[in-house]
Amino acid sequence: MGSSSLTAMAPTPALITRPRIGIVGAGNIASLNVAGYLEDPRCDVVAVCDPKEGRAAEAARAWGVDRSYTDLADLLADPEVDAVEILTPTFLHHDHVLAAVEAGKHVSCQKPLANTVTEARAMAAAADEAGVVLRVSECFRHYPPLELAKQLLAEGAIGRPTQIRLRTVVGQTDSEFQNGLEIDGYLWRMTETSPGGHLFDDMIHKYAVALWMFDQDIVSVQAAVRRRDHYFEPCAAIFAYEDPSILGTMDVSYAPAMWLRSDYYGADEFFEIQGDEGFLWVTRCTGQMLDLPAVVLYEGRQGKQTTTSFPHIDADWGAGFRRASSNFIDTLVDGVPPEMSATEAIKALQLCFAVYEAGNTRQAIDPRQITHSVVPDGWPQ
Ligand SMILES: NC(=O)c1ccc[n+]([C@@H]2O[C@H](COP(=O)([O-])OP(=O)(O)OC[C@H]3O[C@@H](n4cnc5c(N)ncnc54)[C@H](O)[C@@H]3O)[C@@H](O)[C@H]2O)c1
């Protein structure tokens, strides 16, 4: 299925029998990530750090963790921490990952890996040199319906892949999760501390899926990008893959008057993967907008057309977080290559900036040429 330049080998990790995990950042998304470590019998969460008054201590109480710190240097100096999960604002990932690597800790970092490709490459190089793992925790690649779709595709259920469509809608929800979010967790996303808005912060997940589903590079991007309230960026984009017979489209809409069912953010996704013998649909992800089975397979062969639904698969968006955390433990304990290495995270960043560059210039852009970052027109700098 095309050349597989995405499956770069991760550095060989030092195998650890029972990793002791330190959590760096106890903000809005921390509980979803930490749940996977807390329930994994192969590891222990031993420390948490957050400089915000009372936040680390409160998280430590909630998670049953012994030690809390307000200074990252203190957590990194703790000899009983083998590995860290970096859950800090994205613009701090570079400094925090480098500090952790220098302290000899294995690192799992939230998406996006960094604000620029330059920074991300420096982080990957530092981890390689120190001989520690650096991976990105990408919950969409561990979302069970998307994992099933990728597996069915690999088994040939829809024949040779020809297209992928990645649909995202952002609307409203009144979920307990959304209502419980701290406002300070939004602010750094909407200023010059970020190189862009929603197409950077959230769509990085969809870029990660677009690359992973076919295990090959995207070599050309065209896009129209708009700007709406806050940081939302409606967008229509076209991707051309290495294999010229495969195309992708990505559309992102902002619908502030539309309410949708969700246990999490007020957003949802719909993925359509087409092959020359069928379709695969993943009908939800962050939310539960549609009353449809989470995965539907259409096989259309001469003399036999069948539609198969997979209604019982775990379609909770939170499952992707838990499984992503478990995947880090797979790497540390069993040496399994991480689902998203730093190399792949850099490709996702390049794709993101290629969308902005294509929107700014109205030209087709090769993501592989992006070496730093691209800010969308009108974004505060
Ligand atoms: N996988 C997903 O779907 C998903 C969803 C939301 C956020 N994220 C990512 O997770 C990261 C955090 O996002 P968030 O929404 O929780 O943000 P947030 O601002 O709510 O949380 C960040 C936390 O980091 C803390 N922090 C700042 N400096 C620190 C330091 N030196 N040491 C330790 N802690 C420090 C802050 O005080 C805050 O509590 C971001 O990179 C974001 O992109 C991923």
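For the structure itself, consult the block above.
Quick caveat: nothing in here was measured; it's all calculated off a predicted structure. (Residues numbered from 1 in each chain as written. Predicted model: local features only at pLDDT ≥ 70, side-chain atom pairs only at ≥ 80, totals over all residues. Heavy atoms only, no water.)

Visitor: I'd like a description of the overall build of the protein chain, backed by residues and values.
Guide: The number of helices and strands found in the protein chain is twelve helices and 14 strands. Relative to its length of 381 residues, the protein chain is compact, with a C-alpha radius of gyration of 20 Å against a globular reference of 21 Å. Principal axes of the C-alpha set define a box for the protein chain whose edges measure 65 × 45 × 45 Å. Counting over 381 residues, the protein chain shows a buried share of 56%. Counting only carbon and sulfur atoms, one obtains 50% of the accessible surface of the protein chain, whose full area is about 15600 Å². (Helix = DSSP H or I, 4+ residues; strand = E, 2+ residues; numbered from the N terminus. Rg over C-alpha atoms; globule rule 2.2 N^0.38 Å. Buried < 20%, exposed > 50% of the residue type's maximum accessible area, 1.4 Å probe, protein only. Areas by Shrake-Rupley, 256 points an atom, 1.4 Å probe, with all protein chains shown as cover.)

Visitor: Mind laying out unusual backbone geometry, listing which residues take part and the relevant values?
Guide: The phi torsion of most residues other than glycine is negative, and most of the peptide bonds are trans. Phi at Asp-215 takes a positive value of approximately 50°, unusual for a residue other than glycine. One non-glycine residue, His-230, adopts positive backbone phi at about 50°. Relative to the assigned elements, His-230 resides in the loop between β8 (218-225) and β9 (235-241).

Visitor: Just give me the short version of the layout of surface pockets, but keep the residues and values in it.
Guide: One number sums up the size of the second largest pocket: a volume of about 410 Å³. Lining of the second largest pocket is provided by 18 residues; of these, Ala-26, Gly-27, Asn-28, Ser-31 and Glu-58 occupy positions nearest its centre. Of all the secondary structure elements, the ones that give two or more residues to the lining of the second largest pocket are α1 (30-38), α2 (55-63) and α7 (176-179). At five residues, the largest contribution of residues to the lining of the second largest pocket is made by α2. Class assignment for the residues of the lining of the second largest pocket results in eight nonpolar, four polar and six charged. The residue makeup of the lining of the second largest pocket includes at least three contributed by each of domain 1 (20-138 + 320-337) and domain 2 (141-315 + 351-361). (1 Å grid on protein atoms, 1.4 Å probe; cavity = no way out; pocket = protein on both sides within 12 Å on 5 of 7 lines; lining within 4 Å. Points joined across faces, edges and corners; volume = space filled by probe spheres on them. Nonpolar A, V, L, I, M, F, W, Y, C, P; charged D, E, K, R; others polar. Domains from an automatic or database assignment.)

Visitor: Give a description of empty space enclosed by the protein that names residues and reports values.
Guide: Over the atoms rolls a probe the size of a water molecule, and its path tells where empty space is left. Enumeration according to the criterion identifies two cavities of 30 Å³ or more in this entry. When its volume is computed, the largest cavity comes out at roughly 60 Å³. Leu-211, Asp-217, Ile-218, Lys-347, Gln-350, Leu-351, Pro-367 and Arg-368 together form the lining of the largest cavity. No other element matches the three residues that helix α12 (residues 342-361) contributes to the lining of the largest cavity. Here the lining of the second largest cavity takes three residues from α12, the largest share from any one element. Taken together, the residues of the lining of the second largest cavity break down into eight nonpolar, no polar and two charged.

Visitor: If you had to explain the site of the ligand to someone new, which residues and values would you point to?
Guide: Among the 30 residues in the neighbourhood of the ligand, the closest are listed as Asp-50, Arg-55, Gln-110, Lys-111 and Trp-188. The contact in question runs from a nitrogen atom of the ligand to an N or O atom on the side chain of Gln-110, over 3.1 Å. Starting from 840 Å² of accessible surface for the ligand in isolation, the protein chains cover 92%. Secondary structure elements with two or more residues in the shell around the ligand: α4 (93-102) and α11 (317-334). Looking at side-chain class alone, the shell around the ligand contains 14 nonpolar, ten polar and six charged residues. The residues that make up the shell around the ligand include at least three from each of domain 1 (20-138 + 320-337) and domain 2 (141-315 + 351-361). (Near = heavy atom within 4 Å. Polar contact = N/O pair within 3.5 Å; in protein donor to acceptor, adjacent residues only side chain to side chain.)

Visitor: An account of the sheet that holds strand β6 (residues 134-137) is requested, with residue identities and associated values reported.
Guide: Sheet architecture is open: six strands sit in the order β3-β2-β1-β4-β5-β6, paired in parallel fashion. Among the strands making up the open sheet, the edge pair consists of β3 (67-69) and β6. In this sheet, adjacent strand axes meet at a mean angle of 25° when their direction is disregarded. Both strand β1 (residues 20-24) and strand β2 (residues 44-49) contribute to a ladder of five bridges, which runs parallel. Opposite Ile-23, over in β2, you have Val-48 as the bridge partner. Relative to strand β5 (residues 106-110), α4 is tilted by about 165°, and along the sheet it contacts β4 (83-86), β5 and β6. Across the sheet, α11 touches β1, β4, β5 and β6, and the angle it forms with β6 is around 160°. (Pairing = 2+ DSSP bridges. Axes fitted to C-alpha atoms, helices over the stretch in contact; angles between N-to-C directions. Contact = heavy atoms within 4.5 Å.)

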